[in-house]
Amino acid sequence: MARKFLYFVAGIIIFVIAAGFALSIWSKQLTQLAMVPTSEFVTPAALDSNAYQNPAMWFSRPGIGVKDPARWQPATSTDRGLLPTPAEPSQKAAVFFVHPTSFFSRSSWNAPLDDTDSQDIARIYVRGMASAYNRADEIWAPRYRQATMGAFLTDTPPAKQAIDAAYGDVKQA
């Protein structure tokens, strides 16, 4: 019985070493296989010319209040020597923050605006990255139809079209 167990463990070790070897040789191809959509690029419908006048099209903008992820601050305590959370912005500046893509699906080249997974992750990105600017008077962080992560791993025409479509939304904002 012990011999069978040792053969099993040896087999697992050989498999792990072979998988690591394969990953080191074909890492780029395997990453593209796992992340790049195989579907045709479908041009997203154009947004209305006044789409970004709608407050729902922004993760962060003036007037959102306490639910603004860019105004997030970690819990602090003055007795531990940490600074208290600022009550009001104190710097006369406006920040336009574009979060990185949070769409990891292979189902399409661009995320729909109602994709809850990518929007939830994007909100976390804004909270973690744009909050560095939370002392500015205004922080603007638009929602946009993000290109999938796989679009950044290849130089095919659909990938360029997906990135251009996402840029078009940001430019419109």
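See above for the structure.
Residues numbered from 1 in each chain as written. Predicted model: local features only at pLDDT ≥ 70, side-chain atom pairs only at ≥ 80, totals over all residues. Heavy atoms only, no water.

In terms of helices and strands, the protein chain carries three helices and three strands. What you see in the protein chain, going N to C, is helices and strands ordered as α-β-β-α-β-α. Taken over C-alpha atoms, the radius of gyration comes to 22 Å for the protein chain, far larger than the 16 Å a tight globule of 173 residues would show. Expressed as lengths along the three principal axes of its C-alpha atoms, the size of the protein chain is roughly 70 × 55 × 25 Å. By the burial criterion, 28% of the 173 residues in the protein chain qualify as buried. By element, 62% of the accessible surface of the protein chain is carried by carbon and sulfur atoms, the whole surface being about 11400 Å². In the protein chain, 16 positive and 14 negative side-chain charges are present, and the distance between their average locations comes to 8 Å. (Helix = DSSP H or I, 4+ residues; strand = E, 2+ residues; numbered from the N terminus. Rg over C-alpha atoms; globule rule 2.2 N^0.38 Å. Buried < 20%, exposed > 50% of the residue type's maximum accessible area, 1.4 Å probe, protein only. Areas by Shrake-Rupley, 256 points an atom, 1.4 Å probe, with all protein chains shown as cover. Lys, Arg positive; Asp, Glu negative; His and termini not counted. Charge placed at Lys NZ, Arg CZ, Asp CG, Glu CD.)

In this structure the tally under the stated criterion is four salt bridges. With a shortest N-O distance of 3.9 Å, D137 and K92 are connected by a salt bridge. You can see D137 sitting in strand β3 (residues 136–142) and its partner K92 sitting in strand β2 (residues 91–96), a full 45 residues away along the chain. When the shortest N-O distance is used, the salt bridge between K160 and D164 registers 3.0 Å. (Salt bridge = Lys/Arg side-chain N within 4 Å of Asp/Glu carboxyl O.)

So, to be careful, I would describe these as geometric facts and stop short of saying anything about function.
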